[in-house]
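Residue-level structural notes
Listed below are the residues making up each chain.
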Amino acid sequence: MEKLVINGGNRLHGEVKISGAKNAAVAIIPAVILSDGVCRIENIPNIMDVILMAKILQEMGASVKVVDKSVIEIDPRGIRIPVATYELVRHMRASSYLMGALLGNFLRAEVALPGGCDFGVRPVDQHLKGFGILGAKHSVEGGMIKIKADKLVGGHIYLDVVSVGATVNIMLAAVKAEGRTTIENAAKEPHIVDLANFLNSMGADVRGAGTDVIKINGVKSLRGTTYSIIPDQIEAGTYMTAVASAGGDVTLKNVIPKHLESITAKLREMGVVIEEYDDSIRVVREDRLKRCNVKTMPHPGFPTDMQPQIAAILTIADGTSIVNEAVWDNRFRYVEELRRMGAAISVDGKLAVIEGVDQLEGAPVKATDLRAGAAMVVAALGAKGTTEIEDIQHIERGYEDVVGKLTAIGADIKKIETANDQTVQTAG
Ligand code: EPZ
């Protein structure tokens, strides 16, 4: 078992290079299944979710070559059977993207029901509705979703809820369908645009990604490509809140400031100074943070994947803040952990009311999911004393080298291995 041990109170100074976007990478890797050639993917984050997704393709028959820590080449031509078993996909929510990619390529997909972060019911009804409009039928047997079609023909799909996953899956299933598919009320997240750009670089005809309406003109085949993934909006946002928590002056390199606007706006409201450059931002926090209210929304609103991290810093802001989680039903499980550190938070359904305290105090806590774990790190950096964070496998799913990156800007953070009641320290 591994833990993170953080001694809070060090101000953060220096530079952090942000990695490629997890949620783009986990859509783009399965999209490779649709190609007839080798895809070289650059700026890939070195995180568990990406390693797992590449491994799933490899075990299905693709050849995967790790060129270096941030570049992989995948040749999907060895994939013959469009089946992803529970053993392969159980740790990954994004494994649902295999449905769209396999269906789009083979007209058939059998994928075990997905796992991933647990914050309430995570339905796939909109994904299946989209596949149905394209001409596929589905059934659920023995924990597997089985989907097949004689042929896929473009259609008009209006999503009942703005869903990243459904938008991705329908794009994947439609790129090689006959004729035009229109997705209305589509998700507009940066990773949707990145996936569209990746598909277009393989020869697809996807237009309008980043707006409410995506139009896809089906093509017969897709070729191999070389593509560089966008920087991770949420990793960048997490480091912005880390600086807000601990105080200091940090420049984040390899970011797209436009993708960070909703986060930047909230942090400025809280008194954090943010300077934007072409592909970097400087984050400075000197004074005590001010309160603010936050409501999560699909892009370009404030991202739900930053909700726990901003809540973590609102616990030490002056005054009372309200956080409204409007995307997921149950994304406040981490609140109990922050309370252990002295935070004053009450939760009523989708609302959290946070009374700012002077400072949090270190405590043993756990990462209840990926972003909840990130929030624990953020809180611990500004807290007095030592915080030990358990269940860090959640954090490692989505953050590359968190110990190395934070150590480089002055944090006191270590990864500790605890085995047979003995504590062994490992390198960052
Ligand atoms: C993606 O999940 C992200 N995951 C999540 O990030 C993120 O929290 C979420 O989008 C919202 O931004 C990946 O990109 C891999 P949705 P996804 O479909 O696609 C409802 C992280 O921390 N819904 O946009 O699963 C659903 O219940 C992860 O990096 C339906 O009702 O989310 C939710 O309330 C965790 N029916 C809302 O839509 C459906 O068929 C948004 O879900 C699909 C979704």
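Sequence order as written defines residue numbering, which begins from 1 separately in each chain. Only residues with pLDDT of at least 70 are given local features in this predicted model, and only at 80 or more are side-chain atom pairs given and counted; all residues enter the totals for whole chains, interfaces and linings. Note: side-chain values were computed over all heavy atoms of the structure, leaving out hydrogens and water.

1. Describing the overall build of the chain
Within the chain, the secondary structure is distributed over 14 helices and 25 strands. Referenced to the eigenvectors of the C-alpha coordinate spread, the extents of the chain come out at roughly 65 × 45 × 45 Å. Exposure classes here rest on a 1.4 Å probe applied to the protein chains alone. A residue is buried below 20% of its type maximum, exposed above 50%, and partly exposed in between. Expressed as a percentage of its 428 residues, the buried residues of the chain come to 57%. Between two residues, a contact is recorded if the distance between any of their heavy atoms is within 4.5 Å. Sequence-distant contacts, at least 24 apart, represent 73% of the contacts inside the chain between residues at least 6 apart. All accessible areas in this document rest on Shrake-Rupley with a 1.4 Å probe, and a residue is counted as covered only by the protein chains that are shown. As displayed, the chain has an accessible area near 16,600 Å², and 48% of this comes from carbon and sulfur atoms. Residues counted as positive are Lys and Arg, residues counted as negative are Asp and Glu, and His and the chain ends are not counted. By convention, the charge on Lys lies at NZ, on Arg at CZ, on Asp at CG and on Glu at CD. Each charge class in the chain was averaged separately, 48 positive and 53 negative side chains, and the resulting centres sit 5 Å apart. Put simply, DSSP marks the helices as runs of H or I at least four residues long and the strands as runs of E at least two long, and each gets a number from the N terminus on.

2. Let's talk about the packing of aromatic side chains
Here a Phe, Tyr or Trp ring, Trp counted by its six-membered ring, pairs with any other such ring whose centre lies within 6.5 Å, and the pair is stacked when the planes are under 30 degrees apart, edge-to-face when over 60, and tilted otherwise. If you walk through the whole model with that rule in mind, you get two aromatic pairs. With centroids separated by 6.3 Å and ring planes inclined at 50 degrees, the aromatic side chains of phenylalanine 332 and tyrosine 334 adopt a geometry described as tilted. Residues phenylalanine 332 and tyrosine 334 agree in their burial class; the two are buried.

3. Re the site of the ligand
Around the ligand lies a shell of 26 residues, among which Ser163, Val164, Asp305, Val327 and Arg371 are the nearest. Polar contact is the term for a pair of N or O atoms within 3.5 Å; when the atoms are in protein, one must be able to donate a hydrogen and the other to accept it, and sequence-neighboring residues count only if both atoms are side-chain atoms. Here aspartate 305 contributes a side-chain N or O atom positioned 2.6 Å from an oxygen atom of the ligand. Contact between the ligand and valine 327: an oxygen atom at 2.6 Å from a main-chain N or O atom of the residue. For the ligand, the accessible surface in isolation is 830 Å², of which the surrounding protein chains cover 89%. Each domain's limits were defined by an automated method or a database of domain assignments. Lining the shell around the ligand are residues from two domains, each supplying at least three of them: domain 1 (2-19 + 231-426) and domain 2 (22-228). Any residue with a heavy atom positioned within 4 Å of a molecule or strand is treated as near that molecule or strand.

4. Details of the domain arrangement of the chain
What the domain assignment reports for the chain is domain 1 (2-19 + 231-426) and domain 2 (22-228). Opposite the 23 residues of domain 1 that make contact, domain 2 presents 21 residues. Taking both sides of the interface into account, the surface hidden between domain 1 and domain 2 amounts to around 1,900 Å²; carbon and sulfur atoms contribute 53%. A side-chain nitrogen of Lys or Arg and a carboxyl oxygen of Asp or Glu constitute a salt bridge if their distance falls within 4 Å. A salt bridge links aspartate 49 to arginine 397, with the nearest nitrogen and oxygen atoms 3.0 Å apart. Where domain 1 packs against domain 2, one counts six residue pairs in polar contact (both at pLDDT 80 or more). Taken together, the elements giving at least two residues each to the side of domain 1 that touches domain 2 come down to helix 12 (370-382) and helix 13 (393-398). Sort the elements by how many residues they give to the side of domain 1 that touches domain 2 and helix 13 lands first, with three residues. Note that Gly is not counted as nonpolar here; it falls among the polar residues with everything else outside the nonpolar set of Ala, Val, Leu, Ile, Met, Phe, Trp, Tyr, Cys and Pro and the charged set of Asp, Glu, Lys and Arg. Class assignment for the residues of the side of domain 1 that touches domain 2 results in six nonpolar, seven polar and 10 charged. Two parts lose some accessible area (1.4 Å probe) when they are put together, and adding that loss for both gives the buried area.

5. Comments concerning the sheet that holds strand 7 (residues 108-112)
The strand order 6-7-9-8 describes an open sheet built from four strands, whose pairing is mixed. On the outer flanks of this sheet lie strand 6 (83-84) and strand 8 (137-141), each paired with one strand and no other. For every element, the axis is a line fit to its C-alpha atoms; helices are fit only across the contacting stretch, and the angle between N-to-C directions ranges from 0 to 180 degrees. Lying on the sheet, helix 4 (residues 97-106) is in contact with strand 6, strand 7 and strand 9 (144-148); it crosses strand 7 at an angle near 160 degrees. DSSP bridges decide pairing: two strands pair if at least two such bridges lie between them.

6. Here's the deal with the pattern of salt bridges
Following the criterion strictly, the structure yields 30 salt bridges and no others. One salt bridge in this structure joins lysine 188 and aspartate 212, with 2.7 Å as the shortest N-O distance. Of this pair, lysine 188 sits in the loop between strand 11 (180-184) and helix 7 (190-201) while aspartate 212 sits in the loop between strand 12 (205-207) and strand 13 (214-217), and the two are 24 residues apart along the sequence. Aspartate 212 sits in the partly exposed class, given a relative accessible area of 38%. The residue lysine 350 makes a salt bridge to aspartate 329 at a minimum N-O spacing of 3.6 Å. Of the two residues, lysine 350 sits in the loop between strand 20 (344-348) and strand 21 (351-355) while aspartate 329 sits in the loop between strand 19 (320-324) and helix 11 (335-340), which places them 21 residues apart along the sequence. The class of lysine 350 is partly exposed, set by a relative accessible area of 32%. The class for aspartate 329 is exposed, based on a relative accessible area of 52%. Through salt bridges that share partners, Arg40, Glu42, Lys65 and Glu73 make up one connected network.

7. Regarding empty space enclosed by the protein
The definitions used throughout rest on a 1 Å grid laid over the protein atoms alone, on which a cavity is an enclosed set of points accommodating a 1.4 Å probe that cannot get out and a pocket is an open set flanked by protein within 12 Å on both sides along at least five of seven lines; lining residues are those having an atom within 4 Å of a point. Grid points are joined across faces, edges and corners, and a volume is the space filled by probe spheres set on the points. The full count for this structure, using the stated rule, is two cavities of 30 Å³ or more. Computed from the structure, the largest cavity encloses a volume of approximately 80 Å³. Contributing to the lining of the largest cavity are Thr238, Tyr239, Ala242, Ala374, Val377, Val378, Leu381, Tyr399, Val402 and Leu406. Of all the elements in the fold, those that place two or more residues in the lining of the largest cavity are helix 8 (233-246), helix 12 and helix 14 (402-408). Along the lines of polarity and charge, the residues of the lining of the largest cavity split into nine nonpolar, one polar and no charged. Looking at the second largest cavity, its volume works out to about 30 Å³. In terms of lining residues, the second largest cavity is bounded by Pro231, Asp232, Gln233, Val255, Ile256, His259 and Leu260.

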